[in-house]
Amino acid sequence: MGKISENKPAASCTGCFAWGQLPGRFCRGCYTYGQLHAVGECVGCRRQAPVDNKHGYCRLCRAQATWAIKASGKASVIEPYLRQVTCQQLFFANLQRPKNGGPRVGKAGRRVLKPPPLPEPHRLTKATQLTLFTATRDFRRFDRELHAHLANPWLVRARQAARALGEARGWSRWITSDVNRALVIGLSGYREGEPIRYSTV
């Protein structure tokens, strides 16, 4: 099993259905499991897959039982949990922690090296209150007779573009009326350079 290319698309493992970047048809765990065990019918899921000699379960069923042991919060033998597996929880590949993860440190692993000191936390010199909401116009109080500015050049151009788009798309008179009303409300007080927020629309 060589190095996995970063550009390789994700796929599903043939053995345990784990999703992720795989070196081949199998994830690393299933590849190793298949090298150590012969193919047979799994006692749990009844699939034809490499099964262990002691209990007769495939790697996927063993993974489910292992997670059940971890969820129980206490160390236990795996056999009772294997018999309780009734369904499969799919997972991402290469997220399981190997039993012998990482190199040993010190003299053959007998001495643990101290971790490096944490960096000094960044301290704020001046407290500032961030803006949560910006003051915006309340469009619910818009009155066409009082607030509409139909001569606004941006509103004129927007209404012309909407009319052309409506004719090309076959808008109904109700859609045309609603779009025209929205443009009048939103652009009557618009000034060049002002941002138009999506939330405003």
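Procedures and definitions
Every chain's residues receive numbers from 1 upward, in the order its sequence appears when written. pLDDT decides what is reported in this predicted model: residues at 70 or higher carry local features, side-chain atom pairs at 80 or more are listed and counted, and totals for whole chains, interfaces and linings draw on all residues regardless. With hydrogens and water excluded, all non-hydrogen atoms of the structure serve as input to the side-chain values. By the criteria applied, helices consist of DSSP H or I runs no shorter than four residues and strands consist of E runs no shorter than two, each listed in order from the N terminus. For every residue, the accessible area (1.4 Å probe, protein chains only) is compared with the maximum for its type, and the residue is labelled buried under 20%, exposed over 50%, or partly exposed between those bounds. What makes two residues a contact is simply this: any of their non-hydrogen atoms within 4.5 Å. A carboxyl oxygen of Asp or Glu within 4 Å of a side-chain nitrogen of Lys or Arg is what we treat as a salt bridge. Polar contact criterion, stated in full: a pair of N or O atoms within 3.5 Å, where within protein one must be able to donate a hydrogen and the other to accept it, and residues adjacent in sequence count only if both atoms are side-chain atoms. What makes a nonpolar core is a set of buried Ala, Val, Leu, Ile, Met, Phe, Trp, Tyr and Cys residues whose side-chain atoms join them at distances within 4.5 Å. Between the first and last residue of a helix there are one fewer steps than residues, each counted as 1.5 Å, and that sum is the expected span. Each C-beta atom gives one direction from the helix axis, and the arc is the one those directions make.

Peer 1: Mind laying out the overall build of the chain, listing which residues take part and the relevant values?
Peer 2: A count of helices and strands for the chain gives six helices and four strands. Scanning the chain from its N terminus toward the C terminus, one meets helices and strands in the order β-β-α-β-β-α-α-α-α-α. By the burial criterion, 23% of the 201 residues in the chain qualify as buried. Considering only contacts in the chain between residues 6 or more positions apart, those separated by 24 or more positions represent 41%.

Peer 1: Break down the pattern of salt bridges for me, with residues and values.
Peer 2: On inspection of all chains with the given rule, the structure shows two salt bridges. For Arg46, the salt bridge goes to Glu41, with nearest N and O atoms at 3.8 Å. With a relative accessible area of 56%, Arg46 lands in the exposed category. According to the relative accessible area criterion, Glu41 is partly exposed, its value standing at 46%. Across the pair Arg62 and Asp52 runs a salt bridge, and its minimum N-O distance is 3.6 Å. Of the two residues, Arg62 is situated in helix α2 (residues 59–72) and Asp52 in the loop between β4 (48–50) and α2; the sequence distance between them amounts to ten residues. A relative accessible area of 24% places Arg62 in the partly exposed class. Note on Asp52: relative accessible area 8%, which makes it buried.

Peer 1: Could you give me a rundown of the side chain of His37, with the residues and numbers involved?
Peer 2: Its place among the elements puts His37 in the loop between α1 (28–36) and β3 (39–41). Separated by 3.1 Å, the side chain of His37 and the backbone oxygen of Tyr33 make a polar contact. Sequence-distant contacts of His37, defined by excluding residues within four places in its chain, comprise Pro50, Val51, Asp52 and Asn53.

Peer 1: How would you sum up the environment of Asn53? Please name residues and give values.
Peer 2: Structurally, the position occupied by Asn53 is in the loop between β4 and α2. Residue Asn53 is classed as exposed on the basis of its relative accessible area of 70%. C-alpha separation for the pair Asn53 and Ala38, spaced 15 residues apart in sequence, amounts to 8.2 Å.

Peer 1: Describe the nonpolar core, with residues and values.
Peer 2: Counting 21 residues, the largest nonpolar core has Cys13, Cys16, Ala18, Cys27, Cys42, Cys58 and Ala65 as its most contacted members. For this core, the secondary structure elements donating two or more residues are α2 and α3 (79–83). The element best represented in this core is α2, accounting for four residues. Contact partners of Ala18, with chain neighbours within four places excluded, come to Ala11, Ser12, Cys13, Phe91, Phe92 and Ala93. By size, the runner-up hydrophobic cluster in this structure holds nine residues, among which are Phe142, Leu155, Ile185 and Leu187.

Peer 1: So, unusual backbone geometry: which residues are in play, and what are the values?
Peer 2: A positive phi angle, close to 65°, is found at Phe17, a residue other than glycine. On the secondary structure map, Phe17 appears in the loop between β1 (11–12) and β2 (19–20). Classification of Phe17 as partly exposed rests on a relative accessible area of 35%.

Peer 1: Quick rundown of helix α5 (residues 153–169)? Include the residues and the values.
Peer 2: Over its 17 residues, α5 extends 24 Å from the first C-alpha to the last, a length consistent with the 24 Å expected when each residue adds 1.5 Å. All of the buried residues along α5 are Leu155, Ala158, Ala162 and Gly166. Angular distribution of buried residues about the axis of α5 spans 70°; they occupy a single face of the element. For α5, exposure combined with an orientation more than 90 degrees from the buried face picks out Pro153, Arg157, Glu167 and Ala168. Each element contacted by the buried residues of α5 is listed here: α6 (173–187). Positioned one or two residues after α5, Gly170 has a phi angle of 75°, which is positive.

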